[in-house]
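Spelled out from the first residue to the last, the chains are:
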Amino acid sequence: MSNYTVESCKVETSDGVKLHTRVFKPGEEGEEKKDDNLVIVLVHPYSVLGGCQGLLRGIASGLVEKGYKAVTFDMRGVGKSTGRASLTGFAEVKDVIAVCKWVCENLNTDKILLVGSSAGAPIAGSAVNEVEQVVGYVSLGYPFGMLASILFGRHHKAILQSPKSKLFVMGTCDGFTSVKQLKNKLSSASGRIETHLIEGVSHFQMEGPAYDAQMVNVISDFIASL
């Protein structure tokens, strides 16, 4: 039996949307808590293509078993959350900000690590500088490529210009972003930047459960360096 608890709650955004949210907390036994003041907020892939918080359960449970608190949520229009999903993800930035503020108020923290998966990466990236308590950012497969930029290009500036520490994780066979495109984008970025490339892995393959444990280890190593 896993040594952690999962609690469900509703978080209300500034425009009245109610978000179905899950809080993963370490148990009293098991691995020593790493940083009782840090909470990891995970932002799921593109709602329009079926993205939901359930896709991040494996990573969240892996992080909590390492002693961290983790939070997942369904963005607007997904699952039990109210509202409507947007095509470009700008309405969803309000969702990320609302969850981060709720975390600060209800989990007694002033340190948040934002982790965005696929389209959740640009959405989370646009929220990084909007929440003072965010101390770092992890992107899992940021869609920087030409076609994806039609939808998410206006998000790029916020994360690239943020002075906060950033980690970009990507498979070398990502169909949305090439390694060259990633390096070109990050060449002008501000602050401390790290990259972690997974050889021979595609975008959706990296999102799958087979890579959850690897994502947990990469995120944990990044936290240790903050």
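These figures come from a predicted structure and were not determined experimentally. (Residues numbered from 1 in each chain as written. Predicted model: local features only at pLDDT ≥ 70, side-chain atom pairs only at ≥ 80, totals over all residues. Heavy atoms only, no water.)

Colleague: Whenever I open this one, the sheet that holds strand β8 (residues 193-198) confuses me. Can you help?
Modeller: Across a sheet, strands are paired by hydrogen bonds formed along the backbone, either parallel or antiparallel in direction. The eight strands are arranged β1-β2-β4-β3-β5-β6-β7-β8 in an open sheet whose pairing can be described as mixed. What marks the edges here is a single partner per strand, and that holds for β1 (4-12) and β8. Sheet twist, expressed as the mean angle between neighbouring strand axes with direction ignored, is 20°. Two elements, strand β5 (residues 111-117) and strand β6 (residues 134-140), share six bridges in a ladder whose sense is parallel. By the bridge assignment for β6, Leu113 is matched with Gly136. Sitting on the sheet, helix α3 (residues 120-127) is in contact with β3 (38-43), β5 and β6, with an inclination near 150° to β5. (Pairing = 2+ DSSP bridges. Helix = DSSP H or I, 4+ residues; strand = E, 2+ residues; numbered from the N terminus. Axes fitted to C-alpha atoms, helices over the stretch in contact; angles between N-to-C directions. Contact = heavy atoms within 4.5 Å.)

Colleague: Just checking my understanding: could you explain unusual backbone geometry for this structure?
Modeller: Trans is the common state for peptide bonds, and a negative phi is the common state for residues other than glycine. Its identity as a non-glycine residue notwithstanding, Asn108 has a phi of 50°, on the positive side. Here Asn108 shows up in the loop between α2 (90-106) and β5. Under the relative-accessibility criterion, Asn108 is labelled exposed at 65%. Phi is positive for Ser118, which is not a glycine, with a value near 55°. (Buried < 20%, exposed > 50% of the residue type's maximum accessible area, 1.4 Å probe, protein only.)

Colleague: What am I meant to see in the side chain of Asp95 here?
Modeller: Its location among the elements puts Asp95 in helix α2. Only 2.8 Å separates the side chain of Asp95 from the side chain of Arg76, close enough to count as a polar contact. The residues contacting Asp95, other than those within four sequence positions of it, are Thr13, Leu19, Phe73, Met75 and Arg76. (Polar contact = N/O pair within 3.5 Å; in protein donor to acceptor, adjacent residues only side chain to side chain.)

Colleague: Hey, could you run me through α3 in this one?
Modeller: Since one α-helical turn is 3.6 residues long, residues separated by three or four positions face the same way. Judged by how many residues are buried, α3 sits mostly within the fold: eight of eight residues are covered. At its buried positions, α3 is contacted by β3, α2, β5, β6, α4 (146-152) and α5 (156-160).

Colleague: How should the packing of α2 against α3 be read in this particular structure?
Modeller: Contact pair α2 / α3: the axes reach a minimum separation of 8 Å and the direction vectors enclose 65°. Crossing of α2 over α3 shows right-handed handedness. Two secondary-structure elements touch here, α2 through Phe90, Glu92, Val93, Val96 and Ile97 and α3 through Ile123, Ser126 and Ala127. Of the residues that constitute the contact of α2 with α3, the class distribution is six nonpolar, one polar and one charged. (Left-handed = near helix turned anticlockwise from the far one by under 90°. Nonpolar A, V, L, I, M, F, W, Y, C, P; charged D, E, K, R; others polar.)

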